[in-house]
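Topology and contacts: notes
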Amino acid sequence: MLDKVRTIFLWIVGIMFTGSIFSGILFLKERREATERKRTEVLLRRYEQIVKGSDDFLAFIDTENRYLAINSTYLTAFGKKQEEIIGQTGKALFGATVFETIFKPAQAQCLTGEYVAYESWVDFPVLGRRYIDVHYIPFKEVDHSVTGMVVAVRDITERKKMEEQLRQSENSLRLLSKELEERVERRTKELQFANKELEAFSYSVSHDLRAPLRAIHGFGKALLDDYGNLLNVEGRH
């Protein structure tokens with residue numbers, strides 16, 4: 001409410017000083033434009049601080065695939081100054097092969113008005129080989145025409161390495177589990193075979209000794225019958 005009253009007061013003052021309603025309207029318009037410019041400048045400064053403080057790769061690329069704005073992460077990754085990157089194309093920065101196979105198809109899709117995201121391994125001059133999570137957001141004008149794209153790239157190499165290590169560990173555990181299962185199965189078969197052999201041996205022994213035992217028993221009985229009176233108590237048993 002206070003701002004509204006202040007604006008009306010300044011508008012009236014403008015009329016008083018200029019002596020015409022038209023001049024007052026112009027004065028009010030200029031004040032509004034100045035206020036909007038100041039507000040925009042403040043917002044831009046805030047966004048600039050946010051962009052500078054981000055570890056992600058942030059950039060704006062036009063329809064000709066030229067970098068028009070970048071943050072400091074790009075400078076660190078390429079080991080270049082800002083003026084050495086601004087105006088350059090992705091083809092010049094990453095090389096024709098990488099640009100044509102990785103970046104160009106996704107950027108072309110984004111320039112049709114689509115949001116695009118993908119992950120890929122990319123070689124940087126300073127950082128070396130990194131695994132990145134890439135996002136392209138189409139920049140649309142009031143008439144919905146696409147005049148460029150906002151690029152947001154995050155380095156997720158460490159996460160990728162951890163995932164790969166986890167995957168290798170899981171594979172190792174699966175192989176170890178399979179090996180243990182095979183060992184148990186092999187040992188079980190060996191024990192089953194040994195039990196069958198033992199059973200066969202036991203049967204064979206009991207069967208083979210049956211006749212000799214009967215003979216010994218018969219001989220002992222005959223001995224007792226014929227000579228039992230000559231044996232003492234211990235001999236009879």
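See above for the structure.
What this report covers is the structure whose coordinates are included nearby. Think of each chain on its own: its residues are numbered from 1, step by step along the sequence as written. With the structure being a predicted model, the display of local features is reserved for residues of pLDDT at least 70 and the display and counting of side-chain atom pairs for 80 or more, all residues being used for whole-chain, interface and lining totals. Hydrogens are left out, water is left out, and the side-chain values use all remaining heavy atoms of the structure.

1. Description of the overall build of the protein chain
Applied cut-off: Runs of H or I in DSSP of at least four residues are treated as helices and runs of E of at least two as strands, each being numbered from the N terminus. The classification of residues rests on relative accessible area computed with a 1.4 Å probe and restricted to protein chains. Under 20% of the type maximum is buried, over 50% is exposed, and intermediate values are partly exposed. What sets the accessible areas is the Shrake-Rupley method with a 1.4 Å probe; for residues, cover comes only from the shown protein chains.
Along the backbone of the protein chain there are nine helices and five strands. Here the protein chain holds 237 residues, and the buried ones make up 20% of them. In the structure as shown, the protein chain presents an accessible area of about 17,800 Å², 59% of it carried by carbon and sulfur atoms.

2. Overview of helix H6 (residues 96–110)
What counts here: A helix is expected to span 1.5 Å for every residue after the first. Fitting one axis to the seven residues ending at a residue and another to the seven starting there, the bend at that residue is the angle between the two axes. Any two residues having at least one pair of non-hydrogen atoms within 4.5 Å are treated as being in contact.
Helix length check: H6 (15 residues) gives 19 Å between terminal C-alpha atoms against 21 Å at 1.5 Å per residue, within 8%. Within H6, the axis deviates most sharply at Phe-103, by approximately 45°, and proline Pro-105 lies no more than four positions further along. Every buried residue of H6 is accounted for by Phe-99, Phe-103, Ala-106, Gln-107 and Cys-110. Where the residues of H6 are buried, they touch strand S1 (57–62), helix H5 (90–94), strand S3 (116–124), strand S4 (128–140) and strand S5 (146–155).

3. Points about the sheet that holds S1
Quick reminder of the rule: The pairing criterion is simple: DSSP has to find at least two bridges between the two strands. Angular values range over 0 to 180 degrees, each being the angle between N-to-C directions of two axes fitted as lines to C-alpha atoms, with helices fitted over their stretch in contact.
Strand order in this open sheet of five strands is S2-S1-S5-S4-S3, and the pairing throughout is antiparallel. Every other strand in the sheet has two partners, leaving strand S2 (67–70) and S3 as the edge strands with one partner each. Averaged over all adjacent pairs, the angle separating strand axes in this sheet is 30°, with direction ignored. Sitting on the sheet, H6 touches S1, S3, S4 and S5, and the angle it makes with S3 is about 155°.

4. Let's talk about empty space enclosed by the protein
Note the following rule: Residues are said to line a cavity or pocket when one of their atoms sits within 4 Å of a point; the points come from a 1 Å grid over protein atoms alone, cavities being sets where a 1.4 Å probe fits but cannot get out and pockets being open sets with protein on both sides within 12 Å along at least five of seven lines. Grid points are joined across faces, edges and corners, and a volume is the space filled by probe spheres set on the points.
The final tally for this structure, using the stated rule, is one cavity of 30 Å³ or more. There is about 80 Å³ of room inside the largest cavity. Around the largest cavity sit Phe-57, Tyr-67, Tyr-74, Phe-94, Phe-103, Gln-107, Phe-124, Ile-132, Val-134, Tyr-136, Val-151 and Val-153, which together line it. Only H6, S4 and S5 provide two or more residues apiece to the lining of the largest cavity. In terms of residue count, S4 provides more of the lining of the largest cavity than any other element does, three residues in total.

5. Focus: the nonpolar core
Considering soluble globular proteins, one finds that nonpolar side chains tend to be buried as a cluster. So the rule is basically this: Among buried residues, those of type Ala, Val, Leu, Ile, Met, Phe, Trp, Tyr and Cys that are joined through side-chain atoms within 4.5 Å constitute a nonpolar core.
By size, the foremost hydrophobic cluster in this structure holds 25 residues, and its most contacted members are Tyr-67, Tyr-74, Phe-78, Phe-94, Phe-124, Tyr-136 and Val-151. Looking at this core, the elements that each hand over two or more residues are S1, S2, helix H3 (72–78), H5, H6, S3, S4 and S5. In this view, Val-151 contacts Phe-57, Leu-58, Ala-59, Ile-61, Tyr-74, His-135 and Tyr-136; residues no more than four positions away in its chain are not counted.

6. With respect to the packing of aromatic side chains
Note the following rule: Classification of ring pairs uses Phe, Tyr and Trp, with its six-membered ring standing for Trp, and accepts pairs whose centres are within 6.5 Å; under 30 degrees between planes counts as stacked, over 60 as edge-to-face, and the remaining range as tilted. The criterion is that NZ of a Lys, or CZ of an Arg, lies within 6 Å of the ring centre and within 35 degrees of the ring normal, and then a charge sits over that ring.
Counted under the stated rule, the structure contains eleven aromatic pairs. Each ring, one from Phe-60 and one from Phe-139, has its centre 5.4 Å from the other, and the planes form 90°; the classification is edge-to-face. Here Phe-60, found in strand S1, pairs with Phe-139, found in strand S4; they are 79 residues apart in sequence, far enough to count as distant. Against the face of Tyr-131 rests Lys-160, its NZ or CZ located 4.6 Å from the ring centre.

7. Overview of the pairing of S5
Both S1 and S5 contribute to a ladder of six bridges, which runs antiparallel. For Ala-59, the partnering residue across the bridge sits in S5 and is Val-151. In the sheet, S4 pairs with S5 via nine bridges, with the strands oriented antiparallel. Paired with Tyr-136 across the two strands is Val-151, which belongs to S5. Following S4, the chain reverses through five residues before pairing antiparallel with S5; His-144 in that reversal takes a positive phi of roughly 75°.

8. Description of the pattern of salt bridges
Here is the rule: Salt bridges are defined as contacts in which a side-chain nitrogen from Lys or Arg sits within 4 Å of a carboxyl oxygen from Asp or Glu.
Enumeration over the complete set of coordinates arrives at ten salt bridges. Arg-154 serves as the salt-bridge partner of Asp-56, at 2.7 Å between the closest nitrogen and oxygen. Of this pair, Asp-56 sits in the loop between helix H2 (21–52) and S1 while Arg-154 is found in strand S5, placing the two residues 98 residues apart along the sequence. The partner of Arg-183 in a salt bridge is Glu-179, and the shortest N-O contact between them spans 2.8 Å. In this pair, Arg-183 and Glu-179 both sit in helix H7 (residues 157–208), four residues apart, roughly one turn of the helix. In this structure Glu-179 comes out as partly exposed when scored by relative accessible area, which is 36%. Three or more residues are tied together by salt bridges with common partners; here these are Glu-119, Arg-159 and Glu-163.

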